[in-house]
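# Coordinate inspection notes
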Amino acid sequence: MIVKSRVESLELQILRMLNARMNLSPKEYSNYLYLEKGYEGEVIFDRWMEEVEKGFLVMNDLLLEYGNTKFQIDSLFISKMIHLFEVKYFEGDYFIEGDRWYTSNGVEIKNPLQQMERAESLLRRMVRDLGFNMNIESTLVFVNPNFYLYQAPRNLPIIFPNQIPRLLNNLQKQITPIRNIHSNLAERLLSLHTHDSPYERLPGYSFGMLKKGIACSHCHTLNTIVTRKTLICNSCGKKENIQSAVLRSVRELQLLLPEEELTVSRIQEWCKSIKTKKAIRNMVFENYTLSGCGRGAHYTIKEKDEGFLLIE
Ligand SMILES: [Zn+2]
């Protein structure tokens, strides 16, 4: 049973939007791709785990803090013991020398096992402090079939793509009825989940320097055209109802520039291809409250329903 589902991180969402609207530096771009790939891997992992998730309390993408140290967990499966999964979507050849991990061309990467062990150790202390006495077992799962790790010692807690069915089998065997103690632990951990603000890590940008237009909901490019009722993407062919596309763009603007005042003129400039302010007003009216009026005055808009803003 899924207690906490996986959503794209705010940082990934924002970098994806920025990638369409400005030139990211090579470093920012590679960070963006890293996050995009990471999420893709986690989605593949989730699909595999669907087979067994009913037997566990499943918490995805937890960000916890113990003793001023933040740590992130890709997936936690709680039953009579706690399974912690660190998921990687590495592609290509890698090799290990001692504690160090390298790509095939010899570039050292962060040791993912150490990252996982650090999370496990912090989680163990946290769970103990909360008053639970449960075993934790961590596994590093590689989900990309085009991944190969040379010189990997046999005893490492690693699952390679072709071993995933065996992992599922083992989990299946461990399924026992979920007890109160397990739900209590899940509830406590969920209440301790924190949110991370990515804004400090992001490249600098302002409203003026971002490219305007409505991005495609599928391929995220700005290569779209607006017809009377539909947004059509010239890159991938995706069609979307224009009102939902405009509302999505408003949300995008809010995520990118949370401090900016939201006005109808601003939205029109942002979407670029909506001809009249009246059309914008009509489209956002259902979801936002408009205040301010009169000649020359602009409308300030506020969300009617806070739930409209997707949070991480
Ligand atoms: Zn598209």
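What you are looking at is a predicted structure, and each value in this text was computed from that prediction instead of being measured. (Residues numbered from 1 in each chain as written. Predicted model: local features only at pLDDT ≥ 70, side-chain atom pairs only at ≥ 80, totals over all residues. Heavy atoms only, no water.)

Our focus in this paragraph is the coordination of the zinc ion. Around the zinc ion, the protein contributes the donor atoms Cys216 (SG), Cys219 (SG), Cys233 (SG) and Cys236 (SG), which lie 2.3 Å from the metal centre. The coordination sphere of the zinc ion comprises four donor atoms, whose angles at the metal cover 105 to 116 degrees; the geometry is tetrahedral. We note that the donor set of the zinc ion lies within a single chain, spaced as C-x2-C-x13-C-x2-C. Here cysteine 233 lies in strand E12 (residues 230-233) and cysteine 219 lies in the loop between helix H5 (180-192) and strand E11 (224-226), a separation of 14 residues in the sequence. (Donors = N, O, S within 2.8 Å, 3.2 Å for Na, K, Ca; no water. Tetrahedral: all angles 85-135°; square planar, octahedral: opposite > 155°, others 65-115°. Helix = DSSP H or I, 4+ residues; strand = E, 2+ residues; numbered from the N terminus.)

Read across the sheet, six strands follow the order E1-E2-E3-E4-E8-E10 without closing on themselves; strand pairing throughout is mixed. Since the sheet does not close on itself, it has two edges, and those belong to strand E1 (2-4) and strand E10 (158-159), each with one partner. Inspection of the sheet shows strand E2 (residues 57-66) paired to strand E3 (residues 69-78) by nine bridges, in the antiparallel sense. Directly across from leucine 62, in E3, lies its bridge partner isoleucine 73. Contacting strand E4 (82-88), strand E8 (136-142) and E10, helix H4 (residues 164-174) runs over the sheet at an angle of about 165 degrees to E4. Contacts from H5 reach E1, E2, E3 and E4 within the one sheet, and its direction differs from that of E2 by about 50 degrees. (Pairing = 2+ DSSP bridges. Contact = heavy atoms within 4.5 Å. Axes fitted to C-alpha atoms, helices over the stretch in contact; angles between N-to-C directions.)

This next bit is on the domain arrangement of the protein chain. Domain annotation for the protein chain reports domain 1 (2-192) and domain 2 (207-308). Placing the centre of domain 1 and that of domain 2 at their C-alpha centroids yields a distance of 36 Å. Of the residues lining the interface, nine residues belong to domain 1; the matching set on domain 2 comes to 14 residues. Of the roughly 1,100 Å² buried between domain 1 and domain 2, counting both surfaces, carbon and sulfur atoms make up 64%. At the surface where domain 1 touches domain 2, the tally comes to one salt bridge. Glutamate 252 is the partner of arginine 21 in a salt bridge, and the nearest nitrogen-oxygen pair spans 2.8 Å. (Domains from an automatic or database assignment. Buried area = accessible area lost by both parts, 1.4 Å probe. Salt bridge = Lys/Arg side-chain N within 4 Å of Asp/Glu carboxyl O.)

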